[in-house]
Amino acid sequence: MNKKDIAQLRKQFKKENASLNISTIFNVYITKESSDIYHHQSQPFELLDSEQQELFLNNFKKLLAGNLDEKLFELKFQRNAENSSQLILHQGLLSSDTEDWKERMLKMVGKMLQDRLYEMDIVITFIKGEYFKPTKRRGADSEENGHDTVYSHPFILCSINNTQDPKKELLFDYVEKEFKYNFVLDPIINLNAPIAGFLFPCFTDNAADVNHILYSAGKVHEPDYSFIEQVLNAEEMMTAKDDKAVFEEIIKNVTSDQLNTSTLSNVYEEIHRMIEENEEEEQPKLDTKDVERVLKMSGLEDINTEKVELAFKNVIDDDKYEIKATSVVPKYNSKSIKINTKVANISISPQDLRYVKQVHLSGKRYLMIEVEEDTVIEGFTMIPEAFGEKVEN
């Protein structure tokens, strides 16, 4: 799934939406002391009252929020895994019997609880739904309406949520005219911040991909590898953070860790151009040939295939590895690059990095920023200087 597919599905989680049908919701309450199932309940989603539906729909949207390879991860299932989650979920997806569906979801819950203790009571929510995606609009002369034909995407979505201790409050009783202590025993289910979850199957080119599952982590750059391997039975993956670190080490290896800001800016610009050109297609990836081309286009000399392939082998021991381009470039139109020094911290966008240089003067290093306008500090306009000396009018 690409970010466009995920964003489109996420938008569907709203009330009275003909493009989304949630048939069943199944909630399982787990106690922290024993990691046992305290209670579970399955019912048609439409029987929930309006306020409950709204809470859950917002929860599902939050689960699918975030960037790919940072908070959301498309994972490939392991082959021949014992007690395969792929098989359990696929059978649950195809099942039309409520009791059979519940039994298979409880198998998934059992895998989540095996050798694991949670800090708080948790609620695991499963829904079975179907997403109807319209085909592309036809021309104005076409007799057939583009919305008459849709792609049908049955799915299972799981959201795991913490509970919170109820608040102890002091109330004032207007009738009795006295202060009263109020304490509610029932725990509060925090649906605003799911701690994990997944969507099965993934959707690729408007078709179901049962060999992949979309995993959602609780926090950015913090996937639960134990959950991925033991619960979902998915293969190991590289996060965006991992990909970026690999790319940086490869560039350092090729350039002997010697790179100026102009060249780095050119590198980011070239990769950003690749991303924009392939925005409607699959995410572009950088192999050894791509990295070699990017470095040459960025103005680096003495770059050759052998040197780049050797760098790949030295860093990741695989000269066939491909790096996702979106993982490499900081957010291009925001001040996503942080320059931290002992004197000051500066934020700058990748496209403006070319205006920053490190220079040497009289044995000292200086950070120089090219500006088009006068610099104003605390309301005072600074007098231009030439390398520390006042400029003559």
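In this report, we go over the structure that sits alongside the text. In this text the structure is predicted, and so the values were computed from the model without any measurement.

A contiguous patch of negative charge, built from Glu370, Glu372, Glu373 and Asp374, is present on the exposed surface. Structurally, Glu370 is set in the loop between β18 (364-369) and β19 (376-377). For Glu370, a relative accessible area of 52% gives the class exposed.

Quick look at the environment of Val28 now. Of note, Val28 is situated in strand β1 (residues 20-30). Taking the C-alpha atoms as reference points, Val28 and Phe198, 170 residues apart in sequence, are found 16 Å from one another. Here Val28 is in contact with Ile37, His39, His40, Leu106, Val109, Ile122, Val123 and Ile124, once residues within four sequence places are set aside.

As a further point, take helix α9 (residues 305-316). Compared with an ideal rise of 1.5 Å per residue, which puts 12 residues at 16 Å, α9 spans 16 Å between its outermost C-alpha atoms and is within 8% of the ideal. For α9, every residue scored as buried is listed here: Val308, Ala311 and Phe312. For α9, the angular spread of the buried residues around the axis is 100°, confining them to a single face. Contact partners of the buried residues in α9: α6 (240-255), β13 (285-286), α8 (288-297) and β14 (323-324). Where α9 begins, the side chain of Asn304 points an oxygen toward the backbone nitrogen of Glu306, at a separation of 3.3 Å.

Applying the stated criterion across every chain, the model contains 10 aromatic pairs. Seen from their ring centres, Phe77 and Phe200 are 5.9 Å apart, and the 70° between their planes marks the pair as edge-to-face. Of this pair, Phe77 sits in the loop between β3 (72-76) and α3 (85-94) while Phe200 sits in strand β9 (residues 196-200), placing them 123 residues apart in sequence. Here Phe77 matches Phe200 in class, with each residue buried. A connected cluster of aromatic rings, assembled from ring pairs, spans Phe13, Phe56, Phe60 and Phe155.

Under the defined criterion, the tally for this structure stands at 13 salt bridges. Salt-bridge contacts for Arg293 lead to Glu270; the nearest nitrogen and oxygen are separated by 2.9 Å. Taken together, the residues Arg293 in helix α8 and Glu270 in helix α7 (residues 261-277) connect sequence positions 23 residues apart. Its salt-bridge partner being Lys296, residue Glu292 comes within 3.0 Å of it at the nearest N-O pair. Here Glu292 and its partner Lys296 are both found in helix α8, 4 residues apart, which amounts to about one turn of the helix. You can call Glu292 buried: its relative accessible area is 10%. Using a relative accessible area of 44% as the deciding quantity, one classes Lys296 as partly exposed.

The subject of this paragraph is the nonpolar core. Counting residues in each nonpolar core, the largest one holds 34 residues, and the members touching the most others are Leu75, Met112, Ile124, Phe126, Phe198 and Leu232. Among the elements that make up this core, the one with the highest residue count is helix α4 (residues 98-113) (6 residues). With sequence-adjacent residues up to four places away left out, Phe126 is seen in contact with Thr24, Ile25, Phe26, Trp101, Met105, Met108, Val109, Met112, Leu157, Cys158 and Phe198. Core analysis: the second largest hydrophobic core is formed by 30 residues, Leu295, Val328, Tyr332 and Val356 among them.

Once that is clear, we can look at the environment of Asn206. Tracing the backbone shows Asn206 in the loop between β10 (202-204) and β11 (207-209). Separated by 48 residues in the primary sequence, Asn206 and Cys158 have C-alpha atoms spaced 21 Å apart. Once residues lying within four places of it in the same chain are set aside, the contact partners of Asn206 are Lys133, Tyr151 and His153. A polar contact of 2.9 Å, which involves the side chain of Asn206, links it to the side chain of Lys133.

A cis amide bond links Phe200 with the next residue in sequence, Pro201, at an omega value of -5°. By the secondary structure assignment, Pro201 is in the loop between β9 and β10. Of note, Ser35 is a non-glycine position whose phi angle comes to about 55°, a positive value. Given the relative accessible area of 9%, Ser35 is considered buried. Even without glycine at this site, Asp302 takes up a positive phi of about 55°. Position of Asp302 relative to the elements: it lies in the loop between α8 and α9.

Attention shifts here to a nonpolar patch on the surface. On the surface, Leu170, Phe172, Tyr174, Phe179 and Tyr181 cluster together into a nonpolar patch covering about 700 Å² of accessible area. Elements with a minimum of two residues in the nonpolar patch: β6 (168-173) and β7 (178-183). Mapped onto the secondary structure, Tyr174 falls in the loop between β6 and β7. For Tyr174, a relative accessible area of 70% gives the class exposed.

The rules behind each value
Residues numbered from 1 in each chain as written. Predicted model: local features only at pLDDT ≥ 70, side-chain atom pairs only at ≥ 80, totals over all residues. Heavy atoms only, no water. Patch = residues over 30% accessible without salt bridge, like charges linked within 9 Å, V, L, I, M, F, W, Y side chains within 5 Å. Areas by Shrake-Rupley, 256 points an atom, 1.4 Å probe, with all protein chains shown as cover. Salt bridge = Lys/Arg side-chain N within 4 Å of Asp/Glu carboxyl O. Lys, Arg positive; Asp, Glu negative; His and termini not counted. Charge placed at Lys NZ, Arg CZ, Asp CG, Glu CD. Helix = DSSP H or I, 4+ residues; strand = E, 2+ residues; numbered from the N terminus. Buried < 20%, exposed > 50% of the residue type's maximum accessible area, 1.4 Å probe, protein only. Contact = heavy atoms within 4.5 Å. Expected span 1.5 Å × (residues − 1). Arc of directions from axis to C-beta. Polar contact = N/O pair within 3.5 Å; in protein donor to acceptor, adjacent residues only side chain to side chain. Phe/Tyr/Trp six-rings, centres within 6.5 Å; stacked < 30°, edge-to-face > 60°. Core = buried A, V, L, I, M, F, W, Y, C linked by side-chain atoms within 4.5 Å.

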